[in-house]
Amino acid sequence: NKIRLTGGEPTVRKDLVDLVGELGKLKQYGLKTLAMTSNGIALKRKLPELVKNGMNLLNISVDTLDPLKFELITRRKGLERVMESIDQAIALGLRPLKINCVVVRGVNDQEVIDFIEMTRTKPVDVRFIEYMPFDGNKWNKHKLVPYSEILDNIQNKYDVMKLPDDAHDTSKAYQVPGHVGQFGFITSMTDHFCGTCNRLRITADGNLKVCLFGNAEVSLRDLLRENVPDQQLLEIIGVAVKNKKKQHADRIEQLVSAKIYWYKRKHSINSFIQPTTYNPHCLSKIDKTFIPFNYGIPSYFFQSRAFSSKNKKSECSHMSQNTTISDTPTLSHVDPSSGRASMVNVSIKTPTIRTATASGKIRIGREAFDLIQANLMKKGDVFTVSQIAGINAAKQTGYLIPLCHSLLLSHVSVDLKLEQDHSIEIMAKVECEGRTGVEMEALTAVSIAALTVFDMCKSVSKDMVIENIKLLEKTGGKSGTWKSK
């Protein structure tokens, strides 16, 4: 019931007014909101026609109210034109007019009060957005200003009241009593709202993204060009949506480190922690509120003198076995004292960039091969569904295989290719920054992708063979690079 045009910058499109007009026609079918996000520089002269054609909600991105700083941030002059666009949008009756401001420490965090003052006389909704790590924005953990800190600074100057939030709002809403406008926070880093976010994104080249932070995309453009029936489109979109995660996989180790550092200072803990008192498997000894959900604690927090010598036995009470470092091959998942299965303890390992590549094949036969090639398989796009299944399986490996660690993966790719021998070659590559490798994640991705192909093709033939699933390469960790011979 809502469509938003964003970018890049939508106003660079020559056909923007016509595009909004065509989208506006969807209101007769239930569309309620037609929105746009713009930097406001070239917006003023187009606004009247955009509103006339059905646009009824507008976001304007502006990170500073200082003309010189605006030029430094955007590398162009134009703050005056942005402010004119804001005033014209208000005059045209766009309510609420949302102002997006990314707060960066040392850049514009001292201007928060200036933006709050804007809400005194203008019916705007200023949303302060936490600085997020995107490719190319030179992410630095010290630039992040948590929304709680911004709110505290506002409350030092104003009485503030909390406003109700709708179920799917991404912003936490507040208001200064007596101000005609309001303000809020988009807390992507410090307080995830992904569990209630109902946004989907379609890229300029026709790919569906279920999360702004996610790497996985599904090409709707290719499906539409091949005249795939609507029901199959709905099924494919449904698969993608069901794989949306409760929280995005951003890399927040810097937040963990800061909280651990605070904890050490609070309790006057020096660099070395006695492992018999503090260890990662006895979190009852540590205030859990300072450890983000499902994220490993940095290894340096638990290092002790027991680990300072290579040949000393570990005295950690949480370790399931007392072993010395040896070159003799051992089964790492077996406790030598009891012979029982045991999860490997990786808390003392140093996090490194790790990758793994695996491959496999499924022989599907001539008939299924021809149907897939023509994209006529009854259950839909075999490659797309299998790719999504493989990616999802890689992320769930720690739950599927009992002794595997749950890892925060940086990237997963799964590629399928038809071969002349009526088979499908499957290749998966997995990356993470962690204390243990991702070989099992890569192998799981290949295996589940192959099983998904089997499931989607079994109505044509059950005489299929999954074979030759193997690890091709792994990198990172103490053992370095390994390649299959």
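These numbers were taken from a predicted model, which means no experiment stands behind them.

Parameters and conventions
Residues numbered from 1 in each chain as written. Predicted model: local features only at pLDDT ≥ 70, side-chain atom pairs only at ≥ 80, totals over all residues. Heavy atoms only, no water. Pairing = 2+ DSSP bridges. Helix = DSSP H or I, 4+ residues; strand = E, 2+ residues; numbered from the N terminus. Contact = heavy atoms within 4.5 Å. Axes fitted to C-alpha atoms, helices over the stretch in contact; angles between N-to-C directions. Core = buried A, V, L, I, M, F, W, Y, C linked by side-chain atoms within 4.5 Å. Buried < 20%, exposed > 50% of the residue type's maximum accessible area, 1.4 Å probe, protein only. Salt bridge = Lys/Arg side-chain N within 4 Å of Asp/Glu carboxyl O.

Enquirer: Even after reading the chapter, I still don't get the sheet that holds strand β12 (residues 352-363), so can you show me in this structure?
Expert: Pairing within the open sheet is antiparallel, and its five strands lie in the order β13-β14-β12-β15-β16. Of all the strands in the sheet, just β13 (409-419) and β16 (482-483) have a single pairing partner and so form its edges. Where β13 lies against strand β14 (residues 423-434), 10 bridges are found, and the strand directions are antiparallel. Bridge pairing in β14 links Val412 to Val430. Packed on one face of the sheet, helix α10 (residues 366-373) meets β13 and β14 and runs near 115 degrees to β13. Strand contacts of helix α13 (residues 439-457): β12, β13, β14 and β15 (465-475), with the helix running at about 25 degrees to β12, the strand carrying the most contacts.

Enquirer: Is there a simple way to think about the nonpolar core in this case?
Expert: Where a protein is soluble and globular, its nonpolar side chains tend to be buried together. Core analysis: the largest hydrophobic core is formed by 43 residues, its most contacted members being Ile364, Val414, Ile424, Ile426, Val453 and Cys457. Those elements giving two or more residues to this core turn out to be α7 (220-225), α8 (230-242), β12, α10, α11 (382-395), β13, β14 and α13. Here this core takes nine residues from α13, the largest share from any one element. When sequence neighbours within four positions are dropped, the list of residues in contact with Val414 reads Gln387, Gly390, Ile391, Ile426, Met427, Ala428, Ala445 and Ala449. If you look at the next biggest cluster of nonpolar residues, it comprises 42 residues, including Leu16, Leu23, Phe70 and Ile150.

Enquirer: Teacher, can you tell me more about the pattern of salt bridges here?
Expert: Side chains carrying opposite charge are able to pair once their charged atoms draw close together. Scanning the entire structure with this criterion turns up 16 salt bridges. Its salt-bridge partner being Glu149, residue Arg105 comes within 2.9 Å of it at the nearest N-O pair. With Arg105 in the loop between β4 (97-103) and α5 (112-121) and Glu149 in helix α6 (residues 147-155), this pair connects stretches of sequence that are 44 residues apart. Here Arg105 falls in the partly exposed class, since its relative accessible area comes to 31%. Among the charged side chains, a salt-bridge network with shared partners connects Lys361, Arg363, Asp421 and Glu467.

Enquirer: Honestly, the environment of Leu16 in this entry has me stumped. Any pointers?
Expert: Secondary-structure assignment places Leu16 in helix α1 (residues 16-24). Not counting residues within four places of it along the chain, the set of residues in contact with Leu16 comprises Leu5, Pro10, Thr11, Met36 and Leu50.

Enquirer: Could you clarify how one ought to interpret the environment of Lys244 in this entry?
Expert: On the secondary structure map, Lys244 appears in the loop between α8 and α9 (253-266). In sequence terms Lys244 and Cys194 are 50 residues apart; their C-alpha atoms lie 8.9 Å from each other. Ignoring anything within four residues of it in the chain, the contact list for Lys244 reads Cys197, Asn198, Arg199 and Val210.

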